[in-house]
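# Structural overview for review
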Amino acid sequence: SLFQPYNGGCFMKLTRFKKNCIAERIDRLDTGLLAGLQRHRQPEPERGFGAGNLFHGLEAVGRILDELKETFDFIVCDSPAGIESGAFTAMYYADEALIVTNPEVSSVRDSDRILGILAAKSKRAVEGADPVKEHLLVTRYDPKRVNAGAMLSVVDIQEILRIPLLGVIPESESVLQASNSGTPAIHLDNSDVAEAYKDVVGRFMGEDLPMRFVLEKVGFFKRLLGGI
């Protein structure tokens, strides 16, 4: 059980597992651990982030992360959707944060609130250390809808959040297909989504790559007629 290491019942190394669909040499700790902290807590009145309703969750997650640091160069904590204590637990120990948002007003507003929490209530903020390094990742982006005024543009989102853009993932039906088949989107052959995620990984690792998938693709005849 993933909750045994949380409760100190066994070593993390015994419960870590590999998923066949993940790239070779990458071990993945199921992020259900963090989301499950919410489901398994004892009901009590809400008292805000970091209060007793987290039933010492931060300390337990900290111990798990310390053990994982002995083995891995990177540890990715996927935050549950929304702004609840599970999300706070996932971001508390962050050194870097990928702020994932959709080009919708409600999503961007939530992302702005997350940035405020990182700046004020993360471990680095509480201890007065260097701030969490923030990156912006825009998903489900459709340049055609942006041009039609039905969706926020990348520029709009950056003006609101004011953090560096790491990547843009285009809207695609292949993401749903990948989810249904249990295949990571980055492994979809010949798809813009896979290429976009590969670009994101490359930029995060320091590569200087062009920002693709931001502009609407224009076909040959449209380009030809557009000049008339």
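Notes on the structure follow. Being a predicted model, the structure only gives us computed values, none of them experimental. (Residues numbered from 1 in each chain as written. Predicted model: local features only at pLDDT ≥ 70, side-chain atom pairs only at ≥ 80, totals over all residues. Heavy atoms only, no water.)

### Digging into the side chain of serine 111
Convention followed: Secondary structure follows DSSP: runs of H or I at least 4 residues long count as helices, runs of E at least 2 residues long count as strands, and numbering of each begins at the N terminus. By the convention used here, residues are in contact when the closest approach between their heavy atoms is within 4.5 Å.
With respect to the secondary-structure elements, serine 111 resides in helix 6 (residues 105–121). In contact with serine 111, other than residues within four places in its own chain, are Ile99, Val100, Thr101 and Leu161.

### Digging into the pairing of strand 3 (residues 165–170)
A regular strand places its side chains so that they alternate between the two faces of the sheet. How we decide: Here the term buried applies to any residue with accessible area under 20% of the maximum for its type, exposed to any over 50%, and partly exposed to those in between, with areas from a 1.4 Å probe on protein chains only. One requirement defines pairing of two strands: DSSP has to find at least two bridges between them.
Across the 6 residues of strand 3, 5 count as buried, placing the element largely inside the fold. Relative to strand 3, strand 2 (residues 133–141) runs parallel, the two sharing 4 bridges. Looking at the pairing, leucine 137 lines up with glycine 167 of strand 3.

### Section: the packing of aromatic side chains
Any aromatic ring pair is given by two values, namely how distant the centres are and how the planes are angled relative to each other. Condition: What counts as a ring pair is set by centres within 6.5 Å for rings of Phe, Tyr and Trp (its six-membered ring), and what kind of pair is set by the plane angle: stacked under 30 degrees, edge-to-face over 60, tilted for all other angles.
Tallied over the full model, the rule gives 3 aromatic pairs. Considering the side-chain rings of tyrosine 92 and tyrosine 93, the 4.9 Å spacing of their centres and the 90° angle between planes classify their relative orientation as edge-to-face. Tyrosine 92 gets classed as buried once you look at its relative accessible area, which sits at 14%. The exposure class of tyrosine 93 is partly exposed, given its relative accessible area of 23%. In textbook terms, an aromatic cluster arises when at least three aromatic residues are bridged by ring pairs, as seen for Phe88, Tyr92 and Tyr93.

### Thoughts on the packing of helix 6 against helix 9 (residues 154–161)
Here is the rule we go by: Orientation is described by axes fitted as lines to C-alpha atoms, over the contacting stretch for helices, and by angles from 0 to 180 degrees between their N-to-C directions. Note on terminology: angles under 35 degrees are roughly parallel, angles over 145 are roughly antiparallel, angles of 65 to 115 are roughly perpendicular, and the others are oblique. In this scheme the crossing of two helices becomes right-handed for a clockwise turn of the near helix relative to the far one and left-handed for an anticlockwise turn of less than a right angle. The residue classification treats Ala, Val, Leu, Ile, Met, Phe, Trp, Tyr, Cys and Pro as nonpolar and Asp, Glu, Lys and Arg as charged. All others, Gly included, are polar.
The interhelical angle for the contact between helix 6 and helix 9, taken along N-to-C directions, is 30°, at an axis separation of 10 Å. Considering their axes alone, helix 6 and helix 9 lie roughly parallel with respect to each other. As for the relative orientation of helix 6 and helix 9, their crossing is right-handed in sense. Contacts between helix 6 and helix 9 involve Val108, Ser111, Asp112 and Leu115 from the first element and Ile157, Ile160 and Leu161 from the second. Across the contact of helix 6 with helix 9, the residue classes break down as 5 nonpolar, 1 polar and 1 charged.

### As for helix 9
In an α-helix there are 3.6 residues to a turn, and that puts residues three or four apart on one side. Rules: What the arc covers is the set of directions going from the helix axis to the C-beta atoms.
Residues of helix 9 that are buried: Val154, Ile157 and Leu161. Along the axis of helix 9, the buried positions cluster into a sector of 65°, meaning they face one direction only. Directly after helix 9, the chain includes arginine 162, whose backbone phi takes a positive value near 55°.

### Concerning helix 4 (residues 57–69)
Going by this rule: One fewer than the residue count of a helix, multiplied by 1.5 Å, yields its expected span.
Its 13 residues give helix 4 an end-to-end C-alpha distance of 18 Å, which sits within 8% of 18 Å, the value for a rise of 1.5 Å per residue. Every buried residue of helix 4 is accounted for by Gly57, Leu58, Ala60, Val61, Gly62, Ile64, Leu65 and Leu68.

### Let's talk about the packing of helix 5 (residues 85–92) against helix 6
Interaxial distance between helix 5 and helix 6 falls to 11 Å at its minimum, and their mutual angle equals 55°. The angle between helix 5 and helix 6 places the two elements in the oblique class. Considering how the two elements wind past one another, helix 5 and helix 6 form a crossing that is right-handed. From helix 5, Phe88, Met91 and Tyr92 reach across to helix 6, where they touch Ile114, Ile117, Leu118 and Lys121. Of the residues belonging to the contact of helix 5 with helix 6, the class tally is 6 nonpolar, no polar and 1 charged.

### What to know about the environment of arginine 145
With respect to the element layout, arginine 145 can be found in helix 8 (residues 143–147). Sequence-wise, arginine 145 and glutamate 216 are 71 residues apart; in three dimensions their C-alpha atoms are separated by 9.1 Å.

### Section: the nonpolar core
Filter applied, for reference: To define a nonpolar core, start from buried Ala, Val, Leu, Ile, Met, Phe, Trp, Tyr and Cys residues and group those joined through side-chain atoms within 4.5 Å.
Of all hydrophobic cores here, the largest spans 26 residues; its most connected members are Ile99, Leu118, Ile157 and Leu161. Here this core takes 5 residues from helix 6, the largest share from any one element. Those residues within four positions of leucine 118 in sequence are excluded, and the remaining contacts are Met91, Ala97, Ile99, Ala125, Val132 and Glu134.

### Points about unusual backbone geometry
Positive phi, normally seen in glycine, also occurs at arginine 140, with a value near 55°. Inspection of the secondary structure assignment puts arginine 140 in strand 2. Overall, the relative accessible area of 45% leaves arginine 140 in the partly exposed class. Unlike most non-glycine residues, arginine 162 shows phi in positive territory, near 55°.

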